[in-house]
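What follows is each chain in one-letter form.
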Amino acid sequence: MATAGEILRRSLTEEIGFSKESVSGSEELHVLAVDDSFVDRKVIERLLKISSCRVTVVESGTRALQYLGLDGEKSSVGFNDLKINLIMTDYSMPGMTGYELLKKIKESSTFREIPVVIMSSENILTRIDRCLEEGAEEYILKPVKLSDVKRIKDVIMGGEVEEKNRGVRKRGREDSIYSLLSPSLVQSSSSPAFDFLTSELQSSKRPKLQTRD
């Protein structure tokens, strides 16, 4: 029997008119927008579509968790099937706030890397700090503007492109280093030259610590 989350995902997929295959084969950003206000949902949906994003809208944090399969029910749908690139959620919602939804997402090993943007009509510094410390990508004030959506999209898409380029550069660097090793050096693991180059390669793989602004 299908779970509530699977039924919700199926109905939303049919409503917005795309299949799992079309999402996975597309370069468009797929955004999950969460807001209890019907008007605000329509506004953010319109802005995202103008910005050439695929949009799934739900009316509560609970619905969002069901869609993502984080509601505790066993689901056959995984992250690769959903292909969510960004989650935008209102902060003040009944039942589950956007902050609580953010925490649930960041606690998930599957979705913790997905950027989450908090939307709110209240510019409260302590609230902003708390959301950012919990891992929110941004905190934007309502009414959300087209420039906000385009800026966020550029940041997300730019990050994905940079990640791909970084992977290509890394593979190229490794191939270059190994191409310097002669067969005799490769066969002799005790060779000083082999040890040195291997050490350099391993050190280049170590992640560098990054500080957040």
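Residue numbers here run from 1 along each chain, matching the order of that chain's written sequence. Under the rules for a predicted model, residues below a pLDDT of 70 receive no local features and side-chain atom pairs below 80 are neither given nor counted, while totals for whole chains, interfaces and linings still include all residues. Hydrogens are left out, water is left out, and the side-chain values use all remaining heavy atoms of the structure.

As for the sheet that holds strand S2 (residues 54-58)
Here is the rule: Any two strands with at least two DSSP bridges between them are considered paired. Put simply, DSSP H or I for four residues or longer makes a helix, DSSP E for two residues or longer makes a strand, and each gets a number counted from the N terminus. For helices, the fitted line uses only the C-alpha atoms of the stretch in contact; every axis is such a line through C-alpha atoms, and the angle between N-to-C directions lies from 0 to 180 degrees. The contact criterion used is simple: two residues touch if any of their non-hydrogen atoms lie within 4.5 Å.
Read from one edge to the other, the open sheet built from 5 strands follows the order S2-S1-S3-S4-S5, with strand pairing classed as parallel. Strands with a single pairing partner mark the edges of an open sheet, and in this sheet they are S2 and strand S5 (138-141). The average undirected angle you get between the axes of adjacent strands in this sheet is 20°. The pairing of strand S1 (residues 30-34) with S2 spans 5 bridges and is parallel. Pairing of Ala33 across the sheet is with Val57, part of S2. Here helix H4 (residues 61-68) sits on the sheet in contact with S1, S2 and strand S3 (86-90), set at roughly 150° to S1. Sheet strands in contact with helix H7 (residues 125-134) are strand S4 (116-120) and S5, and its direction is about 145° off that of S5.

Some points on the packing of aromatic side chains
Threshold: Ring pairs shown here join Phe, Tyr and Trp side chains whose ring centres sit within 6.5 Å, with only the six-membered ring taken for Trp; geometry is labelled stacked below 30 degrees between planes, edge-to-face above 60, and tilted in between. We call a charge positioned over a ring when the NZ of a Lys or the CZ of an Arg lies within 6 Å of the ring centre and within 35 degrees of the ring normal.
Enumeration according to the criterion identifies 0 aromatic pairs in this entry. Between the NZ or CZ atom of Arg130 and the centre of the ring of Tyr99, over which it lies, the distance is 4.3 Å.

Some details on the pattern of salt bridges
Stated precisely, the cut-off is as follows: What counts as a salt bridge is simple: a side-chain nitrogen of Lys or Arg found within 4 Å of a carboxyl oxygen of Asp or Glu.
Under the criterion given, the structure shown has 11 salt bridges. Residue Asp90 is joined to Lys142 by a salt bridge in which the shortest nitrogen-to-oxygen separation is 3.1 Å. Taken together, the residues Asp90 in strand S3 and Lys142 in the loop between S5 and helix H8 (146-179) connect sequence positions 52 residues apart. Here the salt bridges share partners, and the residues they tie into one network are Asp35, Asp40, Asp90 and Lys142.

A look at the nonpolar core
Going by this rule: Here, the term nonpolar core denotes a set of buried Ala, Val, Leu, Ile, Met, Phe, Trp, Tyr and Cys residues that are joined through side-chain atoms within 4.5 Å. Relative accessible area decides the class of each residue, using a 1.4 Å probe on protein chains only: under 20% of the type maximum gives buried, over 50% gives exposed, and in between gives partly exposed.
Of all hydrophobic cores here, the largest spans 25 residues; its most connected members are Leu32, Leu68, Ile84, Ile87, Ile118 and Cys131. When residues of this core are traced back to their parent elements, those giving at least two are S1, H4, helix H6 (98-107), S4 and H7. Setting aside residues no more than four positions away along its own chain, Ile118 makes contact with Thr89, Tyr91, Gly98, Leu102, Cys131, Ala136, Glu138, Tyr139 and Ile140. One finds Ile44, Leu48, Val57 and Leu86 within the second-largest nonpolar core, a separate group that totals 18 residues.

Here's the deal with the environment of Val117
Turning to its location among the elements, Val117 is positioned in strand S4. Taking the relative accessible area as the measure of exposure, Val117 reaches 0% and is therefore buried. For the pair formed by Val117 and Met88, sequence separation is 29 residues and the distance between their alpha carbons is 4.7 Å. Discounting residues that sit within four places of it in the chain, Val117 has contacts with Leu86, Ile87, Met88, Thr89, Glu137, Glu138, Ile140 and Ile152.

A short note on the UniProt feature "modified residue: 4-aspartylphosphate" (unreviewed entry) in the protein
Using the following cut-off: UniProt positions are given in the numbering used here, feature names are shortened, and annotations may be inferred rather than shown by experiment.
Mapped onto this numbering, the UniProt entry annotates "modified residue: 4-aspartylphosphate" (unreviewed entry) at Asp90. Those residues in contact with Asp90 that lie beyond four places of it in its chain are Val34, Asp35, Asp36, Gly98, Met119, Ser120 and Lys142.

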